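One letter stands for each residue in the lines below.
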Amino acid sequence: MLIQGVLVLVQNPRSAINRSFFFWEFAVFVWLMAMGVTYLSRDEGLAVILSQVGFLGVMFIPISTYAFSVYFNADKKQLPIVFIGLFVTTILALFIHTDLIGAGVYQYKWGYYIRLGSLGYTTLALYLLFVPLFLRNYYYRHKAAPANQKKWHFFNFLVGGMAFIAATDFLPAYGVSLPFPPIGFVFVGVFASLMGYFILRHQLTDIKIVFGRTVGYVLMTLFLLLIYGTIYYLIGPKNRSGWEVFLEAIVFTSLLYVFGFIKSLSQRVVDELFFKDKVQFEKMTSCFIVDV
(Lines give C-alpha, C1' and ligand atoms only; values in the text may rest on other atoms or scores of the structure.)
Protein backbone atom coordinates (compact mmCIF):
# COMPACT_ATOMS: atom_id res chain seq x y z
CA MET A 1 0.00 0.00 0.00
CA LEU A 2 2.75 2.43 0.91
CA ILE A 3 4.82 1.72 -2.21
CA GLN A 4 1.71 2.05 -4.36
CA GLY A 5 0.90 5.41 -2.78
CA VAL A 6 4.46 6.65 -3.26
CA LEU A 7 4.46 5.53 -6.90
CA VAL A 8 1.40 7.64 -7.58
CA LEU A 9 2.59 10.63 -5.53
CA VAL A 10 6.02 11.00 -7.14
CA GLN A 11 4.45 10.83 -10.59
CA ASN A 12 2.89 14.25 -9.99
CA PRO A 13 3.10 15.67 -6.45
CA ARG A 14 1.17 18.78 -7.54
CA SER A 15 -1.91 16.77 -8.54
CA ALA A 16 -4.65 16.88 -5.91
CA ILE A 17 -5.79 13.40 -6.96
CA ASN A 18 -2.30 11.99 -6.47
CA ARG A 19 -1.83 13.66 -3.09
CA SER A 20 -5.23 12.53 -1.80
CA PHE A 21 -4.53 9.00 -3.05
CA PHE A 22 -1.24 8.93 -1.11
CA PHE A 23 -2.98 10.28 2.02
CA TRP A 24 -5.50 7.46 1.77
CA GLU A 25 -2.89 4.78 1.10
CA PHE A 26 -0.75 6.02 3.99
CA ALA A 27 -3.71 5.75 6.40
CA VAL A 28 -4.33 2.18 5.17
CA PHE A 29 -0.61 1.39 5.52
CA VAL A 30 -0.55 2.57 9.15
CA TRP A 31 -3.65 0.50 9.90
CA LEU A 32 -2.39 -2.72 8.30
CA MET A 33 1.19 -2.54 9.55
CA ALA A 34 0.40 -1.71 13.18
CA MET A 35 -2.58 -4.04 13.50
CA GLY A 36 -0.69 -6.85 11.77
CA VAL A 37 2.21 -6.57 14.20
CA THR A 38 -0.30 -6.40 17.06
CA TYR A 39 -1.64 -9.83 16.07
CA LEU A 40 1.89 -11.23 16.30
CA SER A 41 2.79 -9.52 19.56
CA ARG A 42 3.24 -11.57 22.71
CA ASP A 43 3.51 -8.57 25.02
CA GLU A 44 0.23 -6.97 26.08
CA GLY A 45 1.78 -3.57 26.80
CA LEU A 46 3.35 -3.41 23.35
CA ALA A 47 0.10 -4.65 21.81
CA VAL A 48 -1.78 -1.74 23.41
CA ILE A 49 0.57 0.83 21.85
CA LEU A 50 0.63 -0.85 18.44
CA SER A 51 -3.15 -1.23 18.34
CA GLN A 52 -3.57 2.46 19.13
CA VAL A 53 -1.24 3.37 16.28
CA GLY A 54 -3.15 1.04 13.98
CA PHE A 55 -6.50 2.50 14.98
CA LEU A 56 -5.11 5.97 14.34
CA GLY A 57 -4.84 4.89 10.71
CA VAL A 58 -8.38 3.48 10.88
CA MET A 59 -9.71 6.82 12.10
CA PHE A 60 -8.34 8.65 9.06
CA ILE A 61 -9.48 6.09 6.49
CA PRO A 62 -13.10 7.38 6.18
CA ILE A 63 -12.14 11.01 5.53
CA SER A 64 -9.13 10.17 3.34
CA THR A 65 -11.22 7.80 1.20
CA TYR A 66 -13.97 10.39 0.85
CA ALA A 67 -11.44 13.12 0.05
CA PHE A 68 -9.98 10.98 -2.73
CA SER A 69 -13.45 10.40 -4.18
CA VAL A 70 -14.09 14.16 -4.16
CA TYR A 71 -10.92 14.91 -6.12
CA PHE A 72 -11.47 11.89 -8.36
CA ASN A 73 -14.95 13.21 -9.17
CA ALA A 74 -13.58 16.77 -9.58
CA ASP A 75 -16.34 18.22 -7.39
CA LYS A 76 -14.84 21.16 -5.52
CA LYS A 77 -18.20 22.03 -3.98
CA GLN A 78 -17.67 19.17 -1.53
CA LEU A 79 -14.30 20.45 -0.28
CA PRO A 80 -15.83 22.20 2.77
CA ILE A 81 -17.18 18.80 3.89
CA VAL A 82 -13.69 17.34 3.41
CA PHE A 83 -12.08 20.05 5.54
CA ILE A 84 -14.71 19.75 8.29
CA GLY A 85 -14.35 15.97 8.32
CA LEU A 86 -10.56 16.25 8.50
CA PHE A 87 -10.84 18.72 11.40
CA VAL A 88 -13.25 16.49 13.34
CA THR A 89 -11.14 13.39 12.73
CA THR A 90 -7.99 15.18 13.89
CA ILE A 91 -9.69 16.31 17.11
CA LEU A 92 -10.90 12.77 17.81
CA ALA A 93 -7.43 11.38 17.08
CA LEU A 94 -6.08 13.41 20.01
CA PHE A 95 -7.92 11.00 22.34
CA ILE A 96 -6.40 7.84 20.87
CA HIS A 97 -4.09 7.35 23.86
CA THR A 98 -6.92 7.70 26.40
CA ASP A 99 -9.52 5.23 27.69
CA LEU A 100 -12.12 7.12 25.66
CA ILE A 101 -10.80 5.41 22.51
CA GLY A 102 -7.80 3.16 23.20
CA ALA A 103 -9.10 1.47 26.34
CA GLY A 104 -6.79 -1.54 26.06
CA VAL A 105 -6.78 -4.79 24.10
CA TYR A 106 -8.76 -8.01 23.81
CA GLN A 107 -6.88 -11.27 23.49
CA TYR A 108 -8.30 -13.68 20.93
CA LYS A 109 -6.97 -17.01 19.68
CA TRP A 110 -5.38 -15.29 16.70
CA GLY A 111 -3.85 -12.42 18.70
CA TYR A 112 -4.49 -9.10 20.43
CA TYR A 113 -6.97 -6.54 19.15
CA ILE A 114 -7.78 -3.03 20.32
CA ARG A 115 -10.55 -2.55 22.89
CA LEU A 116 -12.44 0.65 22.11
CA GLY A 117 -13.87 3.08 24.62
CA SER A 118 -16.98 5.22 24.34
CA LEU A 119 -15.51 7.54 21.70
CA GLY A 120 -14.67 4.56 19.53
CA TYR A 121 -18.23 4.68 18.23
CA THR A 122 -17.50 8.03 16.61
CA THR A 123 -15.11 6.43 14.14
CA LEU A 124 -17.77 3.88 13.22
CA ALA A 125 -20.16 6.81 12.80
CA LEU A 126 -17.68 8.48 10.44
CA TYR A 127 -17.63 5.32 8.34
CA LEU A 128 -21.41 5.27 8.14
CA LEU A 129 -21.44 8.98 7.28
CA PHE A 130 -18.83 8.90 4.52
CA VAL A 131 -19.86 5.59 2.91
CA PRO A 132 -22.92 7.02 1.09
CA LEU A 133 -21.00 10.20 0.16
CA PHE A 134 -18.11 8.15 -1.17
CA LEU A 135 -20.39 5.85 -3.18
CA ARG A 136 -22.35 8.83 -4.50
CA ASN A 137 -19.18 10.34 -5.96
CA TYR A 138 -18.18 7.11 -7.65
CA TYR A 139 -21.68 6.57 -8.99
CA TYR A 140 -21.75 10.02 -10.59
CA ARG A 141 -18.26 9.47 -11.96
CA HIS A 142 -19.52 6.24 -13.52
CA LYS A 143 -22.48 8.07 -15.06
CA ALA A 144 -20.27 10.80 -16.54
CA ALA A 145 -17.54 8.46 -17.81
CA PRO A 146 -16.94 7.98 -21.54
CA ALA A 147 -18.67 4.99 -23.09
CA ASN A 148 -15.45 3.01 -23.37
CA GLN A 149 -14.77 3.45 -19.63
CA LYS A 150 -18.25 2.96 -18.16
CA LYS A 151 -17.79 -0.75 -17.43
CA TRP A 152 -14.52 -0.09 -15.63
CA HIS A 153 -16.02 2.71 -13.55
CA PHE A 154 -19.06 0.58 -12.68
CA PHE A 155 -16.85 -2.29 -11.59
CA ASN A 156 -14.78 0.13 -9.54
CA PHE A 157 -17.97 1.45 -7.95
CA LEU A 158 -18.98 -2.07 -6.89
CA VAL A 159 -15.54 -2.96 -5.52
CA GLY A 160 -15.42 0.38 -3.70
CA GLY A 161 -18.71 -0.45 -2.01
CA MET A 162 -17.36 -3.86 -1.00
CA ALA A 163 -14.29 -2.16 0.50
CA PHE A 164 -16.47 -0.76 3.23
CA ILE A 165 -17.19 -4.31 4.39
CA ALA A 166 -13.99 -3.57 6.29
CA ALA A 167 -16.29 -1.88 8.82
CA THR A 168 -16.86 -5.41 10.16
CA ASP A 169 -13.33 -5.12 11.55
CA PHE A 170 -14.91 -3.08 14.35
CA LEU A 171 -16.60 -6.20 15.75
CA PRO A 172 -13.54 -7.59 17.62
CA ALA A 173 -12.93 -4.08 18.99
CA TYR A 174 -16.20 -4.38 20.90
CA GLY A 175 -15.62 -7.90 22.18
CA VAL A 176 -17.30 -9.86 19.38
CA SER A 177 -15.09 -12.91 18.96
CA LEU A 178 -14.24 -14.06 15.44
CA PRO A 179 -12.61 -17.42 14.61
CA PHE A 180 -10.04 -15.64 12.43
CA PRO A 181 -8.42 -12.20 12.19
CA PRO A 182 -10.58 -9.48 10.53
CA ILE A 183 -10.35 -9.72 6.71
CA GLY A 184 -11.49 -6.21 5.78
CA PHE A 185 -8.01 -5.51 4.42
CA VAL A 186 -8.72 -7.85 1.47
CA PHE A 187 -11.52 -5.63 0.12
CA VAL A 188 -9.61 -2.41 0.85
CA GLY A 189 -6.47 -3.77 -0.81
CA VAL A 190 -8.30 -4.83 -3.99
CA PHE A 191 -10.03 -1.47 -4.31
CA ALA A 192 -6.84 0.52 -3.62
CA SER A 193 -4.90 -1.51 -6.16
CA LEU A 194 -7.55 -0.89 -8.82
CA MET A 195 -7.45 2.85 -8.21
CA GLY A 196 -3.66 2.90 -8.21
CA TYR A 197 -3.61 1.04 -11.51
CA PHE A 198 -6.14 3.44 -13.02
CA ILE A 199 -4.13 6.52 -12.04
CA LEU A 200 -0.85 5.05 -13.26
CA ARG A 201 -2.38 3.67 -16.46
CA HIS A 202 -4.12 6.86 -17.53
CA GLN A 203 -1.80 9.59 -16.24
CA LEU A 204 1.77 8.33 -16.63
CA THR A 205 3.87 9.12 -19.66
CA ASP A 206 6.97 7.20 -18.68
CA ILE A 207 6.90 4.59 -15.93
CA LYS A 208 10.72 4.67 -15.81
CA ILE A 209 10.58 8.20 -14.45
CA VAL A 210 8.22 7.12 -11.69
CA PHE A 211 10.35 4.17 -10.62
CA GLY A 212 13.46 6.36 -10.83
CA ARG A 213 11.91 8.95 -8.54
CA THR A 214 10.66 6.27 -6.16
CA VAL A 215 14.08 4.65 -5.91
CA GLY A 216 15.60 8.09 -5.36
CA TYR A 217 13.21 8.87 -2.50
CA VAL A 218 13.80 5.47 -0.92
CA LEU A 219 17.59 5.79 -1.08
CA MET A 220 17.48 9.35 0.26
CA THR A 221 15.24 8.24 3.15
CA LEU A 222 17.55 5.34 4.02
CA PHE A 223 20.54 7.70 3.87
CA LEU A 224 18.82 10.14 6.27
CA LEU A 225 17.87 7.30 8.61
CA LEU A 226 21.49 6.13 8.65
CA ILE A 227 22.81 9.62 9.41
CA TYR A 228 20.35 10.57 12.14
CA GLY A 229 20.27 7.05 13.59
CA THR A 230 24.05 7.22 13.99
CA ILE A 231 23.84 10.68 15.58
CA TYR A 232 21.16 9.57 18.08
CA TYR A 233 23.16 6.47 18.93
CA LEU A 234 26.36 8.45 19.60
CA ILE A 235 24.88 11.31 21.64
CA GLY A 236 22.07 9.42 23.41
CA PRO A 237 22.16 7.39 26.63
CA LYS A 238 24.00 4.09 26.35
CA ASN A 239 21.12 2.07 27.82
CA ARG A 240 18.77 2.71 24.91
CA SER A 241 17.87 -0.18 22.63
CA GLY A 242 18.44 -0.16 18.90
CA TRP A 243 14.66 -0.15 18.40
CA GLU A 244 14.33 3.14 20.33
CA VAL A 245 17.10 4.75 18.30
CA PHE A 246 15.47 3.54 15.08
CA LEU A 247 12.08 5.00 16.08
CA GLU A 248 13.66 8.36 16.91
CA ALA A 249 15.39 8.44 13.54
CA ILE A 250 12.13 7.59 11.76
CA VAL A 251 10.23 10.34 13.58
CA PHE A 252 12.90 12.94 12.84
CA THR A 253 13.17 11.96 9.16
CA SER A 254 9.38 12.03 8.79
CA LEU A 255 9.30 15.52 10.28
CA LEU A 256 11.88 16.63 7.72
CA TYR A 257 9.54 15.63 4.90
CA VAL A 258 6.52 17.18 6.65
CA PHE A 259 8.26 20.51 7.25
CA GLY A 260 9.61 20.46 3.70
CA PHE A 261 6.07 20.08 2.37
CA ILE A 262 4.81 22.88 4.66
CA LYS A 263 7.64 25.16 3.48
CA SER A 264 6.80 24.46 -0.17
CA LEU A 265 3.09 25.07 0.43
CA SER A 266 3.66 28.30 2.34
CA GLN A 267 6.02 29.53 -0.39
CA ARG A 268 3.30 29.01 -3.00
CA VAL A 269 0.84 30.94 -0.84
CA VAL A 270 3.29 33.82 -0.45
CA ASP A 271 3.95 33.85 -4.20
CA GLU A 272 0.22 33.93 -4.95
CA LEU A 273 -0.32 36.81 -2.51
CA PHE A 274 2.69 39.01 -3.21
CA PHE A 275 4.21 37.88 -6.49
CA LYS A 276 1.19 37.31 -8.74
CA ASP A 277 2.93 38.73 -11.79
CA LYS A 278 5.83 36.32 -11.36
CA VAL A 279 3.49 33.35 -10.95
CA GLN A 280 1.48 34.30 -14.03
CA PHE A 281 4.66 34.76 -16.05
CA GLU A 282 5.93 31.32 -15.00
CA LYS A 283 2.61 29.74 -15.98
CA MET A 284 2.75 31.42 -19.38
CA THR A 285 6.35 30.40 -20.07
CA SER A 286 5.66 26.81 -18.95
CA CYS A 287 3.35 26.45 -21.97
CA PHE A 288 6.37 26.85 -24.25
CA ILE A 289 8.64 24.41 -22.45
CA VAL A 290 8.85 20.96 -24.01
CA ASP A 291 10.52 18.04 -22.24
CA VAL A 292 13.16 16.38 -24.38
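Residues numbered from 1 in each chain as written. Predicted model: local features only at pLDDT ≥ 70, side-chain atom pairs only at ≥ 80, totals over all residues. Heavy atoms only, no water.

**Student:** What is the right way to read the packing of aromatic side chains from this model?
**Tutor:** How two aromatic rings sit relative to each other is given by the distance of their centres and the angle of their planes. This structure, assessed with the given rule, holds 17 aromatic pairs. Relative to Phe60, the ring of Phe23 has its centre 6.4 Å away and its plane inclined at 65 degrees; by these criteria the two rings are edge-to-face. On the criterion of sequence distance, the pair formed by Phe23 in helix H2 (residues 16-40) and Phe60 in helix H3 (residues 44-73) is long-range, its members being 37 residues apart. Judged by its relative accessible area of 28%, Phe23 falls in the partly exposed class. Residue Phe60 is classed as buried on the basis of its relative accessible area of 17%. (Phe/Tyr/Trp six-rings, centres within 6.5 Å; stacked < 30°, edge-to-face > 60°. Helix = DSSP H or I, 4+ residues; strand = E, 2+ residues; numbered from the N terminus. Buried < 20%, exposed > 50% of the residue type's maximum accessible area, 1.4 Å probe, protein only.)

**Student:** Can you walk me through the environment of Phe83 in this structure?
**Tutor:** Within the element layout of this structure, Phe83 appears in helix H4 (residues 79-93). Residue classification places Phe83 among the exposed residues on the basis of a relative accessible area of 51%. In this structure the C-alpha to C-alpha distance between Phe83 and Ala67, which are 16 residues apart in sequence, comes to 8.9 Å.

**Student:** Whenever I open this one, helix H1 (residues 2-11) confuses me. Can you help?
**Tutor:** Note: α-helices contain 3.6 residues per turn, so residues at a spacing of three or four share the same orientation. Of all 10 residues that make up H1, 7 are buried, and the element is covered over most of its length. Turning to H1, its buried residues number three or more, namely Gln4, Gly5, Val6, Leu7, Val8, Val10 and Gln11.

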